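Examining the three-dimensional arrangement
Chain by chain, the residues:
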Amino acid sequence: MSFDLVFFGGTGDLAWRKLVPALFQAFRHGKLPSGGRILAVARDEMSDERYREWLRERFQAVDGAKRPKDEEFEHFAQLVHYRRMDLSQPEHYLRLKEWLAERQADTVVLYLATSPHLFTQICAQLGAAGLNDSRIRIVLEKPLGQDLASAQQINRVVRSVFAEQQAFRIDHYLGKPSVQNLMALRFGNALFEPLWRRESIANIQITLAESLGVGTRGSFYEGTGALRDMIQNHALQLLTMIAMEPPSTADADAIRDEKLKVLRSLKPFTADSVARDVVRGQYRSGTVDGQAVVGYLDEANIPAHSQCETFVALRTEVQNWRWAGVPFYLRTGKRLAARDAQIVVNFRPVPHPIFPSNNQPNRLVIKLQPEDGLELQLLAAKGSSHGETLAPVSLDLDFDKAFAANRVGAYERLLLDAIAGRLNLFVRSDEQEQAWRWVEPILDAWQDDSSGPRSYAAGSWGPPAASALVARDGFSWAEEQ
């Protein structure tokens, strides 16, 4: 299958840090379809040779094992081309069309690795140039809008140019192997699905924690914040995968229909429930990994009196038959105690304990990063002079080791899916808009709340109020147990 893959924003951070390295790994693994061309477009004036050299220089920053050898890079670089393109100029889109017409590739993937405020302009220009036929797929990188209205506007323009099955709204968390295995865990095994309900599960926790601060992304982050950056997309997508009903088939729309039902079943927020069930925070100076770090207000390009949240913890419920009364806790933040992304399913304790000690409930930990795997925490008997006592044991599956020969990174998987036309791991427009619809009351309540975010020390797990939020139900966050 021949393909042309075009990166708009070809000299941007996303292109050289994530996308091109992911394509190289697909090339190295022999998974990139033959007959492909990769075109980067940006405003800089460069030849193919200069862009390839520019990429080579940046590949030196790639982790050792993933860094290409000289011979590997030479072969891969022959696929890579560059064209100068001003995205505001209609004639430049016609030049792109001419380049694509040099050969009629079976598939054309247009990846918008640009600022989201350019999405509507680019899509409109692509339509005007006739770059929207059935061979073409458009990939939209997050964030898709700042609120419901802006997301709907982007989707209106996209739909005016492309059919829904041509639009690939990317959420790289859905490309993580652990997330893909959520479907297999639940619907490919008889073990868990009978227990996957309110009668057996006490609560579910989703944590997306980063130890890094905003770094050089201060200007972007100041206009985004943790709720828009992580909760509205990544965390909610993970929640839908955990809470969805079994789809009728493995087809993309069957899966996305069930995810949408979950989003529509989430308990809606009011001003009162935001005050009670949502905690926002902002990191101050502290210590991370033994190093002193500055607070958010001292980062570059951050206003002195910023009220931007760098931490969010919230409690919600899925109001349906399966999950009624089960709290779902979502948490994300920067400058936390560790880089840790995981889903923790806490099961209920046995109804009648007969052992004298340690009646800790079972727990399933789905690890997303830095490890990638599953850990089932059980209790087992150990001999004692005072009778049988229980001690915790773990069944630990490391996906990286178990499937080492077939593992691919998130962006590698999603780029290959976009080329192949597989929509299963991409977000449909109605999903995206419903997520914004659910999040928007929180944004509205914060806009009317002059108290601002709570402070927390860098290197901690966030404001104490986040622990109190969970303790109110008689539970605690996983690291506190």
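To be clear, the structure that these remarks concern was listed above.
This report concerns the structure included in the present document. (Residues numbered from 1 in each chain as written. Predicted model: local features only at pLDDT ≥ 70, side-chain atom pairs only at ≥ 80, totals over all residues. Heavy atoms only, no water.)

**Describing the overall build of the chain**
The secondary structure content of the chain amounts to 15 helices and 17 strands. Compactness check: the chain gives a C-alpha radius of gyration of 24 Å against a globular reference of 23 Å for 481 residues, within 12% of the reference. In terms of its C-alpha atoms, the chain occupies a principal-axis envelope of roughly 80 × 50 × 45 Å. Here the chain displays about 20,900 Å² of accessible surface, and carbon together with sulfur accounts for 51% of that area. Charge centroids of the chain, computed over 56 positive and 60 negative side chains, lie 2 Å from each other. (Helix = DSSP H or I, 4+ residues; strand = E, 2+ residues; numbered from the N terminus. Rg over C-alpha atoms; globule rule 2.2 N^0.38 Å. Areas by Shrake-Rupley, 256 points an atom, 1.4 Å probe, with all protein chains shown as cover. Lys, Arg positive; Asp, Glu negative; His and termini not counted. Charge placed at Lys NZ, Arg CZ, Asp CG, Glu CD.)

**So, the pairing of strand β11 (residues 311-317)**
Most of β11 is tucked away: seven of the seven residues are buried. What you see with β11 is no split at all: F311, A313, R315 and E317 on one side and V312, L314 and T316 on the other are buried throughout. In this sheet, β11 lies alongside strand β8 (residues 278-284) in antiparallel orientation, the contact comprising four bridges. Residue pairing in the sheet places V278 in a bridge with L314 of β11. Relative to strand β12 (residues 327-333), β11 runs antiparallel, the two sharing seven bridges. (Buried < 20%, exposed > 50% of the residue type's maximum accessible area, 1.4 Å probe, protein only. Pairing = 2+ DSSP bridges.)

**Brief notes about the packing of aromatic side chains**
Applying the stated criterion across every chain, the model contains 17 aromatic pairs. Their ring planes at 70° and their centres at 5.6 Å tell us that F59 and F73 sit as a pair that is edge-to-face. Placement of F59 in helix α2 (residues 48-59) and of F73 in helix α3 (residues 70-77) is noted, with a sequence separation of 14 residues between them. Here F59 matches F73 in class, with each residue buried. Measuring from centroid to centroid gives 5.4 Å for W323 and F328, while their planes differ by 80°, and the two rings are edge-to-face. (Phe/Tyr/Trp six-rings, centres within 6.5 Å; stacked < 30°, edge-to-face > 60°.)

**Focus on the pattern of salt bridges**
Applying the stated criterion across every chain yields a total of 36 salt bridges. The salt bridge involving E199 is made with R198; its shortest N-O contact spans 3.6 Å. The residue R331 makes a salt bridge to E479 at a minimum N-O spacing of 2.9 Å. With a gap of 148 residues between them, R331 in strand β12 and E479 in the segment after α15 (464-471) connect regions that are remote in the sequence. Among the residues examined, R331 registers a relative accessible area of 3% and is labelled buried. Taking the relative accessible area as the measure of exposure, E479 reaches 33% and is therefore partly exposed. Several salt bridges share partner residues, and in doing so they unite D253, R256, D257, R428 and D430 into one network. (Salt bridge = Lys/Arg side-chain N within 4 Å of Asp/Glu carboxyl O.)

**Description of the packing of helix α9 (residues 225-243) against helix α14 (residues 429-447)**
Taken N-terminus to C-terminus, the directions of α9 and α14 make an angle of 140°; their axes are 10 Å apart at the nearest point. Regarding the angle of α9 to α14, the classification is oblique. Remark: the crossing between α9 and α14 carries right-handed chirality. Taken together, the residues of α14 that come into contact with α9 (itself represented by L227, R228, Q232, L236 and Q237) are E431, Q432, A435, W436, W438, V439, I442, L443 and W446. (Axes fitted to C-alpha atoms, helices over the stretch in contact; angles between N-to-C directions. Parallel < 35°, antiparallel > 145°, perpendicular 65-115°, else oblique. Left-handed = near helix turned anticlockwise from the far one by under 90°. Contact = heavy atoms within 4.5 Å.)

**Looking at the sheet that holds β11**
Sheet architecture is open: nine strands sit in the order β16-β15-β14-β13-β7-β12-β11-β8-β17, paired in mixed fashion. In this open sheet, the two strands that pair with only one neighbour each are β16 (389-398) and β17 (454-457). Each strand axis lies, on average, 20° off the axis of its neighbour in the sheet, ignoring direction. For strand β7 (residues 201-209) and strand β13 (residues 340-347), the ladder comprises eight bridges, and the chain directions are antiparallel. Bridging across to β13, I204 finds its partner in V345. Lying over the sheet, α15 contacts β8, β11, β12 and β17, oriented at roughly 10° with respect to β11.

**Some thoughts on the sheet that holds strand β1 (residues 3-8)**
The six strands lie next to each other as β3-β2-β1-β4-β5-β6, forming an open sheet whose pairing is parallel. The outermost strands of the open sheet, each flanked by one partner alone, are β3 (80-84) and β6 (167-169). Geometrically, the sheet is characterised by an average inter-axis angle of 20° between neighbouring strands, direction not taken into account. Two elements, strand β5 (residues 136-140) and β6, share three bridges in a ladder whose sense is parallel. Bridging from a neighbouring strand, L140 pairs with R169 of β6. Here helix α5 (residues 119-128) sits on the sheet in contact with β1, β4 (107-112) and β5, set at roughly 155° to β4.

**Looking at helix α13 (residues 410-420)**
In terms of burial, α13 is a largely internal element, nine of the 11 residues being buried. Every buried residue belonging to α13 is among A410, Y411, E412, L414, L415, L416, D417, A418 and I419, and all of these are buried. Buried residues along α13 sit in contact with β1, α1 (13-28), β4, β5 and β6. Directly beyond the C-terminal end of α13, a positive phi value near 85° is found at G421.

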